[in-house]
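What follows is the residue order along each chain.
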Amino acid sequence: MKVRVAHEVLADAVGWVAKGLPSRPTVPILAGMLVEAGDGQVTLSGFDYESSAQVSVPAEVADGGRYLVSGRLLADICRSLPGDSVDLSGEAARVRVSSGSSRFVLQTLPLDEYPALPEVPTATGVVSGEVFARAVSQVVSASGRDDTLPVFTGIKVEIRGSTVSLLATDRYRLAVRTFEWEPIDPAVEANALVPARMLADVAKAMAGGELTLALGSTRTGDGLIGFEGAGRRATSRLIDGDFPRVRSLIPATSAITSTVRVDTAVLVEAVKRVGLVAERTTPIRLTFADGTATLDAGSGDEAQASESVDVVLTGDPVVTGFNAGYLLDALASIGAPVAHFAFTQPTKPANLTGLRSPDDSPTDESAYILMPMRLPS
């Protein structure tokens, strides 16, 4: 193998593939990255039996070849190289990486032990990469981090004809986002539970241009989903398990007794300041009354903080409390200048949506449900 690739292009591609490689693989060979050169491009691939990533970048190919090297080491090297271009050359059991005056020699891993990457399933439909990336970013913060409860670490993808809904919950909050797409079969209906971290990485990397979503079998044990866009391809095994029926947590419009509109940026800064004295297990108290939201945190024996911001309150006054971190995640996820809260009762889940302006009306395209915390007496 003998090729030359633009430095920034190679570093970005190698870094993306390496990001999905296991840091402590159960089988050492899975820490490898497959480097293939031919037909005017270099293709980089990684696979750990759960997910795969593959990207092709243009290159000056003098001699084609195929090698397996340590993926994370190659990423670290490519990120630190000084020159505008990178030369890759391989022979026998070594691959040489050079740029400017820097030279590296990597030992190759046995190719015959490396598993074949799964095929991307047949396309199910296409969507704007930007729309998909925004939708994922709006729900991913509500997904769980506890790997002992795998169902909550996933994002549920619901496909109903021309509509796709993403749902995520960690039992303390729920995020829902719905968007339109172009299905291959207008009558398609399918559900898939996709690892949240993998989906977030894919959505961010494929935000440019058109994204193809390919849903294979959804049977327990062999479910697979694939993505193609921006010159990249990825697959992931689906999470086995039943996602909880969470849509009932979204308050019905007829049950809403109070709504609040507030400048998102102003509220975020207030929560950050007041939250400095809030312990992790104690809430920030929010009192919505008389056109003002008063935020309080702390106790009489400890540090205390209080701040007020202007709001537009419709309906009954509300006194409730939220975890500061969860509230900040929710405000960040809506990605809109105006935050709209809808309450049924102070002790019931609150629905947070984003508005483009104070005069807009909320839609059913998105929802971020926050469970209130018990306020100290």
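Everything that follows concerns the structure shown earlier in this document.
I will try to describe carefully the structure that is included in this document.

Procedures and definitions
Residues numbered from 1 in each chain as written. Predicted model: local features only at pLDDT ≥ 70, side-chain atom pairs only at ≥ 80, totals over all residues. Heavy atoms only, no water. Helix = DSSP H or I, 4+ residues; strand = E, 2+ residues; numbered from the N terminus. Buried < 20%, exposed > 50% of the residue type's maximum accessible area, 1.4 Å probe, protein only. Contact = heavy atoms within 4.5 Å. Areas by Shrake-Rupley, 256 points an atom, 1.4 Å probe, with all protein chains shown as cover. Pairing = 2+ DSSP bridges. Axes fitted to C-alpha atoms, helices over the stretch in contact; angles between N-to-C directions. 1 Å grid on protein atoms, 1.4 Å probe; cavity = no way out; pocket = protein on both sides within 12 Å on 5 of 7 lines; lining within 4 Å. Points joined across faces, edges and corners; volume = space filled by probe spheres on them. Nonpolar A, V, L, I, M, F, W, Y, C, P; charged D, E, K, R; others polar. Phe/Tyr/Trp six-rings, centres within 6.5 Å; stacked < 30°, edge-to-face > 60°. Polar contact = N/O pair within 3.5 Å; in protein donor to acceptor, adjacent residues only side chain to side chain.

Tallying secondary structure elements over the protein gives six helices and 27 strands in all. Structurally, the protein occupies a C-alpha span of about 75 × 50 × 40 Å along its principal axes. Out of the 377 residues in the protein, the part that is buried amounts to 48%. Considering only contacts within the protein whose residues lie at least 6 apart along the sequence, 66% involve residues at least 24 apart. Entry remark: accessible area of the protein is about 18500 Å², with carbon and sulfur atoms responsible for 49%.

Locating Leu328 in the fold gives a position in helix 6 (residues 324-334). In this structure Leu328 comes out as partly exposed when scored by relative accessible area, which is 23%. Taking C-alpha positions, Leu328 is 10.0 Å from Thr264, a pair spaced 64 residues apart along the chain.

Before going further, it helps to spend a moment on the sheet that holds strand 18 (residues 232-237). Spatially, 6-2-3-4-18-17-16-10-14 is the arrangement adopted by the nine strands of the open sheet, whose pairing is antiparallel. Among the strands making up the open sheet, the edge pair consists of strand 6 (65-70) and strand 14 (182-183). Helix 3 (residues 129-139) rests against strand 10 (125-128), strand 16 (210-215) and strand 17 (224-229) of the sheet, and its axis sits at about 80° to strand 10.

Once that is clear, we can look at the layout of surface pockets. The volume enclosed by the largest pocket comes to roughly 910 Å³. The wall of the largest pocket is formed by 34 residues, among which Asp48, Ser51, Pro195, Arg197 and Met198 lie closest to the centre. Looking at the lining of the largest pocket, the elements with two or more residues in it are helix 1 (7-19), strand 3 (41-47), strand 4 (51-58), helix 4 (196-205) and strand 18. Residue contributions to the lining of the largest pocket peak at six residues, all from helix 4. Classifying every residue of the lining of the largest pocket by side-chain character gives 15 nonpolar, nine polar and 10 charged. Here the second largest pocket is characterised by a volume of approximately 390 Å³. In this structure, the second largest pocket is lined by 22 residues; those nearest its centre are Arg134, Gly354, Arg356, Glu365 and Ser366.

Moving on, we get to the packing of aromatic side chains. In total, this model carries seven aromatic pairs according to the counting rule given. With 6.1 Å between their ring centres and 85° between their planes, Phe132 and Phe179 make a pair best called edge-to-face. One end of the pair, Phe132, is in helix 3; the other, Phe179, is in strand 13 (residues 173-180), and 47 residues separate them in sequence. Overall, the relative accessible area of 1% leaves Phe132 in the buried class. Judged by its relative accessible area of 6%, Phe179 is buried.

Moving on, we get to the side chain of Ser56. Summarising the element assignment, Ser56 is placed in strand 4. A distance of 2.8 Å separates polar atoms of two side chains, one belonging to Ser56 and the other to Thr43. A polar contact is formed between the side chain of Ser56 and the side chain of Arg233, at a distance of 3.3 Å. Sequence-distant contacts of Ser56, that is, excluding residues within four places in its chain, are made with Gln41, Val42, Thr43, Gly231 and Arg233.

So, about the environment of Ala332. Here Ala332 shows up in helix 6. Overall, the relative accessible area of 59% leaves Ala332 in the exposed class. Each C-alpha atom, one on Ala332 and one on Ser137, is 9.3 Å from the other, the two residues being 195 residues apart in sequence.

Among the five residues of strand 24 (residues 318-322), four are classified as buried, and the element is accordingly described as predominantly covered. In this sheet, strand 24 lies alongside strand 20 (residues 284-289) in antiparallel orientation, the contact comprising five bridges. Bridge pairing in strand 24 places Phe288 opposite Val318.

What follows deals with the sheet that holds strand 27 (residues 366-370). Within the open sheet, the nine strands sit side by side as 15-11-12-13-27-26-25-19-23. Their pairing is antiparallel. Single-partner strands in this sheet number two, and they are strand 15 (189-195) and strand 23 (312-315). Recorded for the sheet is a direction-independent mean angle of 15° between the axes of neighbouring strands. Bridge count for strand 12 (residues 163-169) against strand 13 is seven bridges, and the pairing is antiparallel. The partner of Leu167 across the bridge, within strand 13, is Val176. This element, helix 3, spans strand 11 (154-160), strand 12, strand 13 and strand 27 of the sheet and lies at about 165° to strand 13. Running over the sheet, helix 4 touches strand 11 and strand 15 and is turned about 100° from strand 15.

Honestly, it's all geometry; don't read function into it.
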